[in-house]
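# Structural overview
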Amino acid sequence: MSTLTIAGLRVEVAGKEVLKGFDLSMQSGEVHVIMGPNGSGKSTLAHALSGRPGYKVLDGSVKIDGVEILDLSPTERARHGLFLAMQHPMEVPGVRPIDLLLAAGADQHDLRERMTLEAQSVELRTEVLDRFVNVDLSGGERKRAEMVQLAILRPKFAMLDEIDSGLDVDALGAVARRLSLATSEWNCGVLAITHFRRLLQELTPTMIHVVTDGRVVATGGPELADVLERDGYEPFRPVNS
Amino acid sequence: MKIFADSALSFISERPDATERSRAWSIFETLGLPTTSDEVWRYAPLGDLDLDRFAIALVPSGGVDSAFARELRDRAGLVVRVVDGYYESSSSLPEGVTVEVATRVGSLSGETMLSRYESDTFAILNDALAPSTTVIRVANDVHVALPIVVLNTTSGAASFSRTQIILGRGSSATVVEYFEGGHNALVVPLSEYQIGDNASLQLVTYQRLDASAWHVARTTGFLHRDARLHQAVIGMGAHYNRSRNDAELLGTGSENELRTTFMGSDAQVHDLRTHQFHKAARTHSTLLSKGAVAGESRCVYTGLIEIEKGAKRTDARQTNHNLLLSPHAHADSVPNLDIRENDVMCAHASSVGPLDELQLWYLESRGVTRRDAQRLIIQGFFYEMLTTLPSDLAALVESDVTSALALLKVDE
């Protein structure tokens with residue numbers, strides 16, 4: 001059983017404080033969903049946790065099983081079990097997915113076969129596995145390719161940044177089912193960032209966190225999604241903004 | 001002490017064509033070495049070039065083939081061995097192929113060497129000092145199945161090799177001109193290719209000289225009607241690597257593809273020049289040059305596309321991308337166009353920059369170490385350069401280039 005604890009996290013991007021004291025704690029096997037309006041800091045959280053260049057941590061702590069990961073390089077954070085499935089994963093011309101995964105430390109035993117199975121499970125054309133990482137892929141294909149990497153690398157905690165955008169309903173269902181399976185298969189903790197409720201139809205959340213203006217302003221069970229659906233984010237906005 | 005001049009004059013005096021050679025030598029003496037105020041040489045570290053460090057090789061001295069050279073030999077249908085510029089031997093000839101060692105031949109352009117290369121000091125030195133010209137001919141309509149490898153090995157002297165490859169109409173061949181050795185040497189090869197009507201030459205110019213060598217090379221292709229010249233130039237070695245690769249598209253429908261790959265480390269200088277000269281209608285040229293410079297190395301790419309009046313529907317493209325792997329490395333890219341015909345397609349693009357931070361972070365965020373992320377991206381950058389190599393050589397060259405790339409140090 002692993003624990004991810006984010007406490008008082010403040011992050012600045014391009015000279016502007018975007019996360020203003022973010023708190024969240026979760027365990028292996030749980031599904032936590034972060035919902036919030038555009039610009040509330042959801043994606044900033046994911047990028048800051050993965051150590052993206054340009055994201056400056058001003059204060060706070062992020063621990064996996066007691067280890068402060070903010071002190072670690074992006075590589076070491078990944079090797080401590082943190083994975084980010086990106087909204088806009090980068091193209092890496094000339095590099096094949098299998099070579100990326102081998103360099104990332106994937107077990108080479110039956111690797112190609114396992115990649116094929118994982119691609120099929122999220123309805124990704126398997127030809128994509130023989131091309132270069134994300135090159136000439138549609139937005140939806142990139143999301144699914146990220147899922148293949150996630151499933152091979154089996155992180156302790158998977159962050160998914162807007163995984164549902166660019167996916168049609170069928171593909172979204174396949175991705176949600178794959179994530180749901182991951183929570184039991186290797187007890188993966190899932191931290192999903194989304195605008196939409198659709199993802200939650202097949203991926204039952206343990207907790208939902210509503211984020212506005214860089215902080216968690218409400219936390220609750222799956223029923224919170226219904227409140228958001230009915231009332232929008234307006235009731236959750238801080239009074240002073 | 002005038003070691004270079006003394007050894008050159010003694011070399012020339014023993015040659016049957018000493019008169020012609022002396023004429024070239026005296027032109028060299030008049031011209032002298034170029035200086036960096038000469039535009040064509042402005043990036044060369046000519047201040048460091050002291051010709052008297054080199055004596056002309058009066059006899060070939062040989063050397064042991066590297067493991068890579070042995071691998072190349074194993075894949076060849078014909079091995080032509082040239083040592084210190086001296087033709088030494090050929091393996092048994094495939095049908096339709098001849099190898100001739102010519103004492104004095106003119107340029108394949110039809111001009112004398114002196115009028116063809118009148119302003120090029122090093123080409124004139126080659127005319128004076130190349131022991132002979134190795135002329136490889138492929139007869140009309142002959143398709144040579146296995147690669148022809150011209151294996152140039154060089155000891156620590158000044159050597160001047162000259163090669164001509166002549167493909168008869170409708171023929172095809174793959175040729176590798178390979179250079180190794182050259183510790184503290186001056187290596188000045190000059191090659192010309194004549195590709196007959198509808199003939200096809202796949203050429204790999206592979207320079208793997210010692211890091212102390214001065215290498216000043218020039219190649220020119222003459223392409224006749226519907227001829228194809230696909231040339232890959234790979235420059236890995238030498239302290240100063242000058243590589244000038246020209247093509248004259250003389251015949252309608254002829255096509256030239258040139259891919260130049262190089263990598264620099266320490267204080268290496270790669271000085272690449274190209275001239276794609278379109279003289280006939282419906283001619284195509286595609287040029288892609290990619291390099292990576294690490295340490296304090298430098299590279300310059302200067303390319304000219306020239307399109308003559310009347311060369312209608314010519315399509316010429318020139319692309320140059322450079323990776324900077326150190327803040328102390330430097331790359332220049334100087335594309336030039338000279339177009340005297342309206343009905344043409346012409347494009348050029350170039351870029352110079354470090355490894356992409358976001359690509360690096362993306363790989364790191366999967367658990368790839370920074371060093372491996374750099375290696376993967378650098379290999380990926382060069383990947384397309386290796387995809388068009390002749391298939392029987394691709395794996396060998398790819399693994400050689402990949403291991404050289406793995407040694408490049410990235411300084412941040």
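In this report, we go over the structure that sits alongside the text. Numbering of residues begins from 1 in every chain and follows the order in which that chain's sequence is written. Think of it this way: whatever chain is written first is A, whatever ligand is written first is 1, and the rest follow in order. The predicted nature of this model means local features are confined to residues of pLDDT at least 70 and side-chain atom pairs, given and counted, to a pLDDT of 80 or more, with totals for whole chains, interfaces and linings taken over all residues.

## Focus: helix α7 (residues 370-386) of chain B
Structurally, the α-helix is built with 3.6 residues per turn, so residues lying three or four positions apart point the same way. Our working rule: Helix and strand assignments come from DSSP, with helices taken as H or I runs of at least 4 residues and strands as E runs of at least 2, each series counted from the N terminus. Working rule for helices: expected span equals 1.5 Å times residues minus one. What is called the bend at a residue is the angle between a pair of axes, fitted to the seven residues leading up to and ending at it and to the seven starting from it. Burial in this document is a count-based property: other C-beta atoms within 10 Å of a residue's C-beta are tallied, and the residue is buried at 20 or more, exposed at 12 or fewer, or partly exposed in between, with C-beta positions derived from the backbone. Contacts here follow a simple rule: the backbone-placed C-beta atoms of the two residues must lie within 7 Å.
Between its first and last C-alpha atoms α7(B) spans 24 Å; for 17 residues at 1.5 Å apiece the expected length is 24 Å, and the two agree. At B:G380, α7(B) shows its strongest bend, of approximately 30°. Of the residues making up α7(B), those classed as buried are B:A373, B:Q374, B:R375, B:L376, B:I377, B:I378, B:F381, B:F382, B:M385 and B:L386. Packed against the buried residues of α7(B) are α3 (97-103) of chain A together with β15 (255-264), β17 (284-293), β19 (314-324), α6 (357-364) and α8 (391-407) of chain B.

## Digging into the interface of chain A and chain B
Going by this rule: Any residue outside Ala, Val, Leu, Ile, Met, Phe, Trp, Tyr, Cys, Pro, Asp, Glu, Lys and Arg is labelled polar, Gly included; the first ten of those are nonpolar and the last four are charged.
The partner chain B presents 21 residues to the 22 residues of chain A that form the contact. The biggest single contributor to the side of chain A that touches chain B is helix α2 (residues 74-79) of chain A, with 4 residues. Within the side of chain A that touches chain B, the residues separate by chemical class into 13 nonpolar, 6 polar and 3 charged.

## What to know about unusual backbone geometry
In terms of backbone geometry, most residues other than glycine have negative phi values and most peptide bonds are trans. Residue and element names in this part refer to chain A. Unlike most non-glycine residues, D65 shows phi in positive territory, near 50°. By secondary structure assignment, the location of D65 is in the loop between β4 (55-64) and β5 (67-68). Backbone geometry at D136 places phi at a positive 60°, although glycine is not the residue there. The class for D136 is exposed, based on 10 C-beta atoms found within 10 Å.

## A short note on the nonpolar core
The test is simple: The term nonpolar core refers to a set of buried Ala, Val, Leu, Ile, Met, Phe, Trp, Tyr and Cys residues connected through C-beta atoms within 7 Å.
By size, the foremost hydrophobic cluster in this structure holds 125 residues, and its most contacted members are B:I148 and B:L201. For this core, the leading source of residues is α7(B), giving 8 residues. Setting aside residues no more than four positions away along its own chain, B:I148 makes contact with B:A76, B:G77, B:L78, B:V80, B:I136, B:A173, B:T174 and B:V175. Ranked by size, the runner-up nonpolar core spans 59 residues in total, among them A:A78, A:V122, A:V148 and A:L167.

## Some details on the packing of α7(B) against α8(B)
All names here are of chain B. Note the cut-off: Only C-alpha atoms enter the line fits that serve as axes; for helices the fit covers just the stretch in contact. Angles between N-to-C directions range over 0 to 180 degrees. Here the angle decides the label: under 35 degrees means roughly parallel, over 145 means roughly antiparallel, 65 to 115 means roughly perpendicular, and every other value means oblique. For any pair of crossing helices, the crossing counts as left-handed if the nearer helix is rotated counterclockwise from the farther one by less than a right angle, and right-handed if it is rotated clockwise.
Direction vectors running N to C along α7 and α8 enclose 150°, while the axes themselves pass 10 Å from each other. As far as their axial angle goes, α8 and α7 are roughly antiparallel. Between α7 and α8 lies a crossing whose hand is right-handed. Across the interface between the two elements, R375, I378, Q379, F382 and L386 of α7 pack against A394, V397, E398, V401, T402, L405 and A406 of α8. Broken down by class, the residue content of the contact of α7 with α8 amounts to 8 nonpolar, 2 polar and 2 charged.

## Thoughts on the sheet that holds β15(B)
Residue and element names in this part refer to chain B. Defined as follows: At least two DSSP bridges between two strands are required for those strands to pair.
Within the open sheet, the 10 strands sit side by side as β2-β1-β5-β8-β11-β13-β15-β17-β19-β21. Their pairing is mixed. Strand pairing shows two members of the sheet lacking a second neighbour, β2 (86-90) and β21 (344-354), which therefore form its edges. On average, each strand axis in the sheet is tilted by 10° relative to the strand beside it, whichever way the strands run. Across 4 bridges, strand β1 (residues 78-83) lies against β2 in antiparallel orientation. If you follow V83 over to β2, its bridge partner there is Y86.

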